[in-house]
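Structural overview for review
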Amino acid sequence: AQKVTQAQTEISVVEKEDVTLDCVYETRDTTYYLFWYKQPPSGELVFLIRRNSFDEQNEISGRYSWNFQKSTSSFNFTITASQVVDSAVYFCALSEAHNQGGKLIFGQGTELSVKP
Amino acid sequence: NAGVTQTPKFQVLKTGQSMTLQCAQDMNHEYMSWYRQDPGMGLRLIHYSVGAGITDQGEVPNGYNVSRSTTEDFPLRLLSAAPSQTSVYFCASSYISLGSTDTQYFGPGTRLTVL
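Since the model is a prediction, treat every value here as computed from it, not as a measurement. (Residues numbered from 1 in each chain as written. Chains lettered and ligands numbered in written order. Predicted model: local features only at pLDDT ≥ 70, side-chain atom pairs only at ≥ 80, totals over all residues. Heavy atoms only, no water.)

To continue, consider the state of the cysteines. In this structure the tally under the stated criterion is two disulfides over all chains. Here A:Cys23 is linked by a disulfide to A:Cys92, with a sulfur-sulfur distance of 2.0 Å. Disulfide A:Cys23 to A:Cys92: torsion about the S-S bond roughly -65°, handedness left-handed. Pair noted here: A:Cys23 is in the loop between β3 (19-21) and β4 (24-26) and A:Cys92 is in strand β10 (residues 88-96), with a separation of 69 residues, a long-range link. You can call A:Cys92 buried: its relative accessible area is 0%. One disulfide in the model links B:Cys23 with B:Cys91; its S-S distance is 1.8 Å. (Disulfide = S-S within 2.5 Å. Helix = DSSP H or I, 4+ residues; strand = E, 2+ residues; numbered from the N terminus. Buried < 20%, exposed > 50% of the residue type's maximum accessible area, 1.4 Å probe, protein only.)

Given below as structure tokens:
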């Protein structure tokens, strides 16, 4: 069965702190894709990253970095030197490649609050 | 490109009323889908389509109908609204690549309240 778990429901940090959002997934497929989306208070869903199961290289984009570890079925997201604008709900999602077009299975989301 | 557009942004219905949520995309994406977002449950797939004339059910299809007569449009119909359908609805679209999953891009959402 496919499943995504984001165990942290809410996280609160002070500006400039580093914060890591956890994501653990379950799948029987060997080919799958993992995603992170950001949902700011305005409500839209903003795509952040897509990763396939064969690429375990960590990725860094500015203050954002992602750590993909197949051994622990985790795809964690770290924000370095957090800012108030990072306050949002963050969703991790999984798609198995055999699903034509890619049905997304979402985690429950982690609400990040960055205080000044 | 306008991307994925949804109308209306907000809607209030009474129990038993029907309505259609509109979704359109101008990126020539083959794949379109509808999700609902409820507190503490993330987003759940309602229906999806891999091309004009082809639709299929997702995780929570009951109470919803869809059709796909063109590549661009994928409306979601509530035939007899119920309070349990109070939610935020998102439409998404993407390309289809064989053996791969392309990134889905989401519309701005429709907040629906059923009284």
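Next, the rest of the story.
The subject of this paragraph is the interface of chain A and chain B. Across the boundary between the two partners, chain A contributes 21 residues, which contact 22 residues of chain B. Carbon and sulfur atoms make up 56% of the area that chain A and chain B hide from each other, which totals about 1,800 Å². At the boundary of chain A with chain B, the tally comes to zero salt bridges. For the interface between chain A and chain B, the tally reads three residue pairs in polar contact (both at pLDDT 80 or more). Its residues assigned to classes, the side of chain A that touches chain B shows nine nonpolar, nine polar and three charged. (Contact = heavy atoms within 4.5 Å. Buried area = accessible area lost by both parts, 1.4 Å probe. Salt bridge = Lys/Arg side-chain N within 4 Å of Asp/Glu carboxyl O. Polar contact = N/O pair within 3.5 Å; in protein donor to acceptor, adjacent residues only side chain to side chain. Nonpolar A, V, L, I, M, F, W, Y, C, P; charged D, E, K, R; others polar.)

Time to look at the pairing of strand β11 (residues 110-114) of chain B. Residue and element names in this part refer to chain B. Side chains Thr110, Leu112 and Val114 of β11 all project onto a buried face; the interleaved residues Arg111 and Thr113 project onto a face where none is buried. Across four bridges, the pairing between strand β2 (residues 10-13) and β11 is parallel. Directly across from leucine 13, in β11, lies its bridge partner valine 114. Across three bridges, the pairing between strand β9 (residues 87-94) and β11 is antiparallel. Bridge pairing in β11 links valine 88 to arginine 111. (Pairing = 2+ DSSP bridges.)

Below, the discussion takes up the pattern of salt bridges. Residue and element names in this part refer to chain A. Overall, the coordinates contain five salt bridges over all chains when judged by the stated rule. Between glutamate 59 and arginine 51 there is a salt bridge, with the nearest N and O atoms lying 2.8 Å from each other. Classification of arginine 51 by relative accessible area gives buried; the value is 7%. Residues arginine 63 and aspartate 86 are paired through a salt bridge, measuring 2.8 Å at the closest nitrogen-oxygen approach. Note that arginine 63 is positioned in the loop between β7 (59-61) and β8 (64-69) and aspartate 86 in the loop between β9 (74-79) and β10, a separation of 23 residues in sequence. What makes aspartate 86 buried here is its relative accessible area of 1%. A single network of salt bridges, built from pairs that share partners, joins Arg51, Asp55 and Glu59.

This part takes up the packing of aromatic side chains. On inspection of all chains with the given rule, the structure shows 20 aromatic pairs over all chains. Geometrically, the ring pair formed by A:Tyr25 and A:Phe68 is tilted, given 6.3 Å between the ring centres and 50° between the ring planes. Here A:Tyr25 is found in strand β4, whereas its partner A:Phe68 is found in strand β8, with 43 residues between them in sequence. Pair check on accessibility: A:Tyr25 and A:Phe68 agree, each one buried. Measuring from ring centre to ring centre gives 6.1 Å for A:Phe106 and B:Phe106, while their planes differ by 75°; the resulting arrangement is edge-to-face. Taken together, the residues A:Phe106 in strand β11 (residues 105-106) and B:Phe106 in strand β10 (residues 105-106) connect one chain to another. You can call B:Phe106 buried: its relative accessible area is 11%. Aromatic ring contacts, followed pair by pair, group A:Phe35, A:Tyr37, A:Phe47, A:Phe91, A:Phe106, B:Tyr35, B:Phe90, B:Tyr105 and B:Phe106 into a single cluster. (Phe/Tyr/Trp six-rings, centres within 6.5 Å; stacked < 30°, edge-to-face > 60°.)

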